[in-house]
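# Residue-level structural notes
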Amino acid sequence: MAGGGFVSEGDVKHYQGKITMFVLITCMVAATGGLIFGYDIGISGGVTSMDVFLKKFFPDVYRKMKAMSDTNQYCKFDSQLLTSFTSSLYIAGLIASFFASATTRAFGRKVSMLIGGAAFLVGSIVNGVAANVAMLLIGRILLGVGVGFANQSVPVYLSEMAPAQLRGALNIGFQLAITLGIFIANLVNYGTNKIKGGYGWRVSLGLAGVPAILMAIGAVFLPDTPNSLIERGHREQAKAMLQKVRGTNDVDEEFQDLIEASEAAMQVQHPWSNILQKKYRPQLTMAIAIPFFQQLTGINVIMFYAPVLFKTLGFGDDAALMSAVITGLVNVFATFVSIFTVDKYGRRILFLEGGIQMLICQVAIGVILGLKFGVAGTGSLSKGFADLLLVLICFYVAAFAWSWGPLGWLVPSECFSLEIRSAGQAITVAVNLLFTFIIAQCFLSMLCHFKFGLFFFFAALVLIMTVFIFFFVPETKNVPIEEMNRVWKKHWFWGRFIPDDEQQHHTSPSGESSSSSDQSAP
């Protein structure tokens, strides 16, 4: 690129700079924070499907599972105590995310990542040596603290470090790390289930410490983002870091925009009350609606309880764990689709296509279960139908992995202006974890009572959220974060909430006001 600060192509502002190896490596290290979240999502379902684990900690569930092996398949694992093992992490993460917001704002993003890694490491050790249910729950709560801090800080870090034209792909590195964590956990469960002596579950739970160590060590060496340095008054360091991140000394325009955004943010003494103002209505809506809908796609039915679900549907122990490995692998590869397309084709098209594909798969799964198990849940699956069910679940997982999975984190994190960013991200994480907790706690009971209708229930929610995206979510690809207000102002619905004087005014070298919207109204 030539000099001049920024280049305007059409309606989109492009700052000067290039994609540097420094920023790529930095974002890769930061994204490993997703490993701890993904590993935990994958590990809990596999462990709770292991007979030796159930016999030790949940003997009532084990006896009911064996007694109902030839009767109601839907209710074999219906236990609130068992689901609390999975869900307790997420309510702890919900509470921790609010402390993480204050930490991220006051001390920077990397400090939050370090705290998250340390808490997760301690939690994994407690779980690995657990002797009773109380120790299991204490360990899960500590894991939740780690997840709350990681999910608060990592997406914000990635959005701030990445250049606008690659922000989607680099931010999705967080989701890719989550999918890798799930896949690794599924492989670990498959292997540890074969360990003689009945301690395989301890290996599964204890190995959560590995990604925690990676995140904690990585956080020690990560640089702070230019936004965070400016926010805390270190402007010279911020400019030097921005030059290093962008690979050029010509960063004056972007640096000035960051300073202006920071100065505006410093005028705001109460970001939590500020985000409630009318002019931030679009951002607040996205902070609540997108993570809410992301969890109600029903994906965690698969990710949390894949082995349990497959055993419920008649798969054997090894077959259930291997099926979870297969869906985990599909999850990883499909996430790459999003990485390579999100900044080229945009967010909206992936949201819409993924929603339609998930809807079709969920309806088909519900129909098969209804035909084969009926309301009583006393039927069985032939190998052909079992394979078809696995294929449909894989297509469903793939659709989520290139749409609602990564974009559920990306779009909220990139739409917050600096003065509400920490509060906005905290709300996003809190809503995500709240409904993750609700789904984790209620799913096995819902499966028992809704039976095959549960998949129609989630299909209806997917239809609603796809319609929401079509009408209310603008395109945000290639738009610098500090210019996002212009996108909301030009939207057919949200524009009414944005006062004219709230648009950020930047002048180009020719003195003309530049615009940075790449939004196409539905």
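The structure under discussion appears in the preceding block.
Report follows, based on the coordinates. (Residues numbered from 1 in each chain as written. Predicted model: local features only at pLDDT ≥ 70, side-chain atom pairs only at ≥ 80, totals over all residues. Heavy atoms only, no water.)

The next subject is the layout of surface pockets. Space inside the largest pocket adds up to approximately 310 Å³. If you go around the largest pocket, you meet 16 residues; those closest to its centre are Met28, Ala169, Gly173, Leu176 and Ile339. Among the secondary structure elements, those contributing two or more residues to the lining of the largest pocket are α1 (21-31), α8 (167-192) and α17 (317-345). If you tally residues by element for the lining of the largest pocket, the top one is α8, at six residues. Per-class residue counts for the lining of the largest pocket are 14 nonpolar, two polar and no charged. (1 Å grid on protein atoms, 1.4 Å probe; cavity = no way out; pocket = protein on both sides within 12 Å on 5 of 7 lines; lining within 4 Å. Points joined across faces, edges and corners; volume = space filled by probe spheres on them. Helix = DSSP H or I, 4+ residues; strand = E, 2+ residues; numbered from the N terminus. Nonpolar A, V, L, I, M, F, W, Y, C, P; charged D, E, K, R; others polar.)

Turning next to the nonpolar core. The nonpolar side chains of soluble globular proteins are, as a tendency, buried together. Within the largest apolar cluster, 148 residues are counted, with the highest numbers of intra-cluster contacts made by Phe53 and Trp404. Take this core: its biggest share by element is 13 residues, from helix α21 (residues 418-450). (Core = buried A, V, L, I, M, F, W, Y, C linked by side-chain atoms within 4.5 Å. Buried < 20%, exposed > 50% of the residue type's maximum accessible area, 1.4 Å probe, protein only.)

Our next topic: the packing of helix α7 (residues 133-161) against α8. Contact geometry for α7 and α8: axes closest at 8 Å, N-to-C directions at 160°. It follows that α7 is roughly antiparallel to α8 by the angle criterion. Crossing of α7 over α8 shows right-handed handedness. Along its contact with α7, which presents Asn151, Val154, Pro155, Leu158 and Ser159, the element α8 presents Arg167, Leu170, Asn171 and Phe174. (Axes fitted to C-alpha atoms, helices over the stretch in contact; angles between N-to-C directions. Parallel < 35°, antiparallel > 145°, perpendicular 65-115°, else oblique. Left-handed = near helix turned anticlockwise from the far one by under 90°. Contact = heavy atoms within 4.5 Å.)

Before going further, it helps to examine the packing of aromatic side chains. Tallied over the full model, the rule gives 25 aromatic pairs. Aromatic side chains Phe53 and Phe58 sit 5.8 Å apart centroid to centroid with 50° between the ring planes, which places their arrangement in the tilted category. For Phe53, a relative accessible area of 0% puts it in the buried group. When the centroid spacing of 5.3 Å and the interplanar angle of 55° are considered together, the rings of Phe292 and Phe293 count as tilted. Positioned above the aromatic ring of Phe85 is the side chain of Arg140, whose terminal nitrogen or guanidinium carbon lies 4.8 Å from the ring centre. Between Arg348 and the ring centre of Phe470, over which it is positioned, the NZ or CZ distance is 5.9 Å. (Phe/Tyr/Trp six-rings, centres within 6.5 Å; stacked < 30°, edge-to-face > 60°. Lys NZ or Arg CZ within 6 Å of the ring centre and 35° of its normal.)

Moving on to the pattern of salt bridges. By the definition in use, this model includes nine salt bridges. The salt bridge involving Arg140 is made with Asp40; its shortest N-O contact spans 2.4 Å. In this pair, Arg140 is assigned in helix α7 and Asp40 in helix α2 (residues 33-48), connecting sequence segments 100 residues apart. Of the two residues, Arg140 and Asp40, neither departs from the other in class, the shared state being buried. We note a salt bridge from Glu414 to Arg347, for which the minimum N-O separation is 2.9 Å. Taken together, the residues span a long stretch of sequence, with Glu414 in helix α20 (residues 404-415) and Arg347 in helix α18 (residues 347-373) at a distance of 67 residues. (Salt bridge = Lys/Arg side-chain N within 4 Å of Asp/Glu carboxyl O.)

Glancing now at empty space enclosed by the protein. A complete count under the given rule lists five cavities of 30 Å³ or more for this structure. Within this model, the second largest cavity holds a volume of roughly 160 Å³. Taken together, 18 residues form the lining of the second largest cavity, with Ile41, Gln175, Ile178, Asn300 and Phe400 sitting closest to its centre. Taken together, the elements giving at least two residues each to the lining of the second largest cavity come down to α2, α8, α15 (281-295), α16 (299-312), α20 and α21.

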